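Structural overview for review
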Amino acid sequence: MTRVLVVEDDPQLVRALRINLQARKFEVAEAGDGGSALRLAAAHKPDVIVLDLGLPDMDGIEVIKGVRGWSLVPILVLSARHTSEDKIRALDAGADDYVTKPFSMDELLARLRAATRRQEAPGTARPDKVTLVATDEFTVDLVAKKVLRGERAVRLTPTEWHLLEILTTHPGRLISQSRLLLEVWGPTYRENTNYLRVYMAQLRRKLEADPSHPRYLITEPGMGYRFEP
Ligand code: CA
C-alpha cells in the first residue's frame, strides 16, 4: 500500500483528498502545518508527500528543503499561487511536480502515479536504472545511448541527447528550465531559456510525428518540460 502524507491546512480539501486517496487504496497521514509535516515525514516514512505551499507556521518551500535534507521521497506541491516564479522555486527546492488549485482529482491522481512510478519496484528507485524507454514513435536505449524510430537510428547531438536522457528518465514528471540548464549547460547558463527552446524544437523535429503539436516532449510554459510516455 502506498503511503501518502497530505500536508494541507484547509480541512475541506484534506477531507476530499483523504476520501479520494483512501478509495484508491492509499494509506493517508495528515499534517495541518509545516512542523507536523516534518515530524510525520520522519516518523512515517511516506512513499509520497502532497504539500500545500501556504501553511500557517512556515512556507511550504521550507518543508521541501527540510525533507530534502535527508530524503528523496517524491513531493507533489499543491498551491493556489499561480506565478511561475513560485513554481520554479518549489521545483528548484526539490519538489517533483506541481498542481495549481483548483485542480481536478483525476489530474492530482495522475501526477501522484507519475511521482511514485519510479519507486514501484524495489531497486529501481534511481531513475537511471531504467535502460530502455519505448513509445509508439521512438525508442530510447539509455545504455547504448541510441534512439530509434522504427528501424532507423536517429542522430542526436550530445546536447540533444543529454536533454532527452534527463526527460525520459523522469517519465511524466515536470523538469524545471533551470534544472535542465544547470545539468546540461552548467551554472553560467541558468537564464538562457532560449537554448532550451531551440534544442527542444530540434528534438521534436527528430522524434515527434507532428513537431508543432508534440505528443511526448511537452512544454509547461514558463516552467519547464515533461516527457509523457
Ligand atoms: Ca493553505
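Attention here is on the structure that accompanies the text.

Conventions we followed
- Residues numbered from 1 in each chain as written.
- Predicted model: local features only at pLDDT ≥ 70, side-chain atom pairs only at ≥ 80, totals over all residues.
- Heavy atoms only, no water.
- Pairing = 2+ DSSP bridges.
- Helix = DSSP H or I, 4+ residues; strand = E, 2+ residues; numbered from the N terminus.
- Axes fitted to C-alpha atoms, helices over the stretch in contact; angles between N-to-C directions.
- Contact = heavy atoms within 4.5 Å.
- Donors = N, O, S within 2.8 Å, 3.2 Å for Na, K, Ca; no water.
- Buried < 20%, exposed > 50% of the residue type's maximum accessible area, 1.4 Å probe, protein only.

All right, on to the sheet that holds strand S10 (residues 174–176) then. Strand order in this open sheet of 3 strands is S10-S12-S11, and the pairing throughout is antiparallel. Of all the strands in the sheet, the pair left with one neighbour each is S10 and strand S11 (217–220). Neighbour to neighbour, the strand axes of the sheet diverge by 30° on average, direction disregarded. Bridge analysis of S11 against strand S12 (residues 224–227) gives 4 bridges, and the strand direction is antiparallel. What sits directly across from Thr219, in S12, is Tyr225. Packing of helix H7 (residues 177–184) onto the sheet brings it into contact with S10 and S12, and relative to S10 it is tilted by some 65°.

This part covers the coordination of the calcium ion. Protein coordination of the calcium ion is provided by Asp9 (OD), Asp52 (OD) and Gly54 (O), with donor distances spanning 2.2 to 2.4 Å. The sequence pattern formed by the donor residues of the calcium ion is D-x42-D-x1-G. Of the two residues, Asp9 is situated in the loop between strand S1 (3–7) and helix H1 (11–23) and Gly54 in the loop between strand S3 (48–52) and helix H3 (60–68); the sequence distance between them amounts to 45 residues. Residue Asp9 is classed as partly exposed on the basis of its relative accessible area of 36%.

Here we come to unusual backbone geometry. Following Lys101, the chain continues into Pro102 via a peptide bond in cis, with omega recorded as -5°. Locating Pro102 in the fold gives a position in the loop between strand S5 (97–100) and helix H5 (105–117). One non-glycine residue, Lys25, lies in the positive phi region at around 70°. You can see Lys25 is positioned in the loop between H1 and strand S2 (27–31). By relative accessible area, which is 59% here, Lys25 ends up exposed.

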